[in-house]
Amino acid sequence: MCSSDLLKLITLQTLVGSEYLLSGGMGALGLVTAEYLVQEGAKYLSLLSRSGKPSADAKSLWDWLGTSSITVSARACDCAKLEAVQELAAVMKKEGASRSPQTNMGAIIHLAAVLDDATFPKLTPAHLSTSFGAKVWGARHLKLVMGSGALKPEYMLLFSSTSALLGSPGQANYSASNASLDAHAYYWRQQGEQAWSVQWGPWREVGMAAQKGTVERLKAQGVGSLSNAIGMAALSSTLSSGTATIVAQPMRWGTYLKQYPKIPPFLARFAMMASKQEPHGGTLVDLFAAEAEIEALVASCDQTIELNDRQSCDTQLLCNGGFSPLTGFMTEDEYTSVVENMRLPSDVIMGLPVVMDTFDSSIEVGKKVLLTYQGTNMAVMTVTSKFKI
């Protein structure tokens, strides 16, 4: 399955007759989101920024939007200021009413953020005001002013950060503002609103982390990064989530947790996974297809694993070519290549890493393992790789 196939499985449910507002929409990540909305069928976009101009690193995306057959409006609006949002709402309400047919608000996607880093001893109220202005007050103003009538959105998606979950050196104010944004999403959902926050990890193609060279530094610490395709797929999947906050962050827990002398309690579950759950790579022989050889193949196995529902599905798809060009579970090199580059070592694009994960530490490279599910022999796996993630 390639990344484009993955994106087809989940969508942002765009409505042709609706307008989509993106605060921080003229930044690189905002324009990536706008491009995805257009590909999904959105016809009206309002992209907000304080200057009303695209960021320098996103000029090509802005040019692409200009050639598309949609109505895209670049609007100068500092959403940290209530008066600016009120003026914006008046203009958008008038424009929507003048269209034929009239348009309503499909969604508000709040990406606005301003960094003002400082080490903790040097933080001042001004640092907090800067971070909270764009993130928190921006979201509150949009919700307050556009919470009723034609401007009331079908849903709100708030761009938060994993800094609220894991912290970030020199960014205590930014971490706090993102945590507050998550709390607002939770509160609004309790009031019956359709609102979610997504705690994003670093994006490796666009955004603050890509610009500052943060991706490579974090990679060495076990913190992965998101491609644009996987990020948009994760964004879309939030609409089916029953929780207010979703984390979108690839992690190598075994590497990441080494920094802690003592594992924090809220990360203890991941420590157990990192120490015990070892993925295995290996080629598969489909026992449904090789009828004449089934008895001999089963007899040649060194041990048996009973699959869970998800593993059974993976096994059947691999055997039937559903994850072509794979012929078995990924080796460590294949897994690493897909997680980091969305490609197999052969340079073939892949969207989903597929490994056999198990708590059975007795499985070793070279062994033949019989994979069974609810009394049925599914496949024989020859183990060619064993590794930790």
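A quick note: this is a predicted structure, and the numbers were derived from the prediction, not measured. Going along each chain's sequence as written, the residues are numbered from 1 onward. Reporting of local features is limited, given that this is a predicted model, to residues whose pLDDT is at least 70; pairs of side-chain atoms are given and counted only at 80 or more, and all residues count toward the totals for whole chains, interfaces and linings. The side-chain values count all of the structure's non-hydrogen atoms but skip hydrogen atoms and water molecules.

Engineer: Explain the sheet that holds strand S7 (residues 245-248) here, please?
Structural biologist: Strand pairing is assigned whenever DSSP detects at least two bridges linking the two strands. Strands here are runs of E lasting at least two residues and helices are runs of H or I lasting at least four, both read from the DSSP assignment and numbered beginning at the N terminus. With respect to topology, 7 strands assemble into an open sheet ordered S3-S2-S1-S4-S5-S6-S7, the strand pairing being parallel. The sheet is open, and its two borders are formed by strand S3 (71-76) and S7, each paired with just one other strand. The average angle at which neighbouring strand axes cross in this sheet is 20°, direction not considered. Each of strand S4 (104-110), strand S5 (155-161), strand S6 (195-200) and S7 is contacted by helix H7 (residues 172-190), which is oriented at about 155° to S5, the strand it contacts most. Interaxial angles span 0 to 180 degrees and are taken between N-to-C directions of axes, which are lines fitted to C-alpha atoms, for helices over the stretch in contact. Whether two residues are in contact is decided by their heavy atoms: any pair within 4.5 Å suffices.

Engineer: I tried to follow unusual backbone geometry on my own but got confused; where do I start?
Structural biologist: Comment: phi is negative for the bulk of residues other than glycine, and the bulk of peptide bonds are trans. Here the amide bond leading from serine 100 into proline 101 is cis, since omega sits at -5°, within 30 degrees of zero. When you line up the elements, proline 101 lands in the loop between helix H4 (82-98) and S4. For glutamine 374, which is not glycine, the phi dihedral falls at a positive 50°. On the secondary structure map, glutamine 374 appears in the loop between strand S12 (368-373) and strand S13 (376-386). Accessibility here uses a 1.4 Å probe with only protein chains present; expressed as a share of the type maximum, an area under 20% marks a residue as buried, one over 50% as exposed, and anything in between as partly exposed. Residue class for glutamine 374 comes out exposed when judged on its relative accessible area of 60%.

Engineer: Which parts of the structure should I look at to understand the pairing of S3?
Structural biologist: Consecutive side chains of a regular strand alternate in pointing toward one face of the sheet and then the other. Bridge analysis of strand S2 (residues 44-49) against S3 gives 6 bridges, and the strand direction is parallel. In the strand pairing of S3, leucine 48 is matched with arginine 75. If the strands point away from the viewer and the path from the first strand over the helix to the second runs clockwise, then the crossover is right-handed. Regarding topology, helix H3 (residues 59-67) serves as the crossover connection from S2 to the parallel S3, and that connection is right-handed.

Engineer: Just checking my understanding: could you explain the confidence of the model for the chain for this structure?
Structural biologist: Should pLDDT be low for a region, the predicted coordinates there are not to be read in detail. This prediction gives the chain a mean pLDDT of 84; 86% of its residues lie at or above 70. This stretch, residues 1-10, has a pLDDT under 50; its non-local contacts, to residues over four places away or in other chains, come to 28 contacts. Per-residue confidence from the predictor is reported as pLDDT, which spans 0 to 100.

Engineer: Would you explain a nonpolar patch on the surface in this entry?
Structural biologist: On the surface, Leu165, Val247 and Phe266 cluster together to form a nonpolar patch covering roughly 260 Å² of accessible area. Examined against the element boundaries, leucine 165 turns out to sit in helix H6 (residues 163-166). Classification of leucine 165 as partly exposed rests on a relative accessible area of 36%. Exposure above 30% relative accessible area and the absence of a salt bridge qualify a residue for a patch, where like charges join within 9 Å and nonpolar side chains (Val, Leu, Ile, Met, Phe, Trp, Tyr) within 5 Å. Using a 1.4 Å probe, the Shrake-Rupley method yields the accessible areas, and only the shown protein chains count as cover for residues. For this document, the term salt bridge refers to a Lys or Arg side-chain nitrogen within 4 Å of an Asp or Glu carboxyl oxygen.

Engineer: It is not clear to me how the packing of aromatic side chains should be interpreted in this structure. Could you clarify?
Structural biologist: Aromatic rings in a pair are described by how distant their centres are and how their planes are angled relative to each other. The pairing test for Phe, Tyr and Trp rings, Trp by its six-membered ring, is centres within 6.5 Å, and the orientation test on the planes gives stacked under 30 degrees, edge-to-face over 60, and tilted for anything in between. Going through the model one piece at a time under the given rule, you end up with 5 aromatic pairs. For the pair tryptophan 200 and tryptophan 203, a centre-to-centre distance of 4.8 Å together with 55° between the ring planes defines the contact as tilted. Classification of tryptophan 200 as buried rests on a relative accessible area of 5%. A relative accessible area of 5% means that tryptophan 203 is categorised as buried. Ring centres of tyrosine 335 and phenylalanine 387 lie 5.9 Å apart, and the angle between their planes is 45°; on these two criteria the pair is classed as tilted. You can see tyrosine 335 sitting in helix H15 (residues 332-341) and its partner phenylalanine 387 sitting in the segment after S13, a full 52 residues away along the chain.

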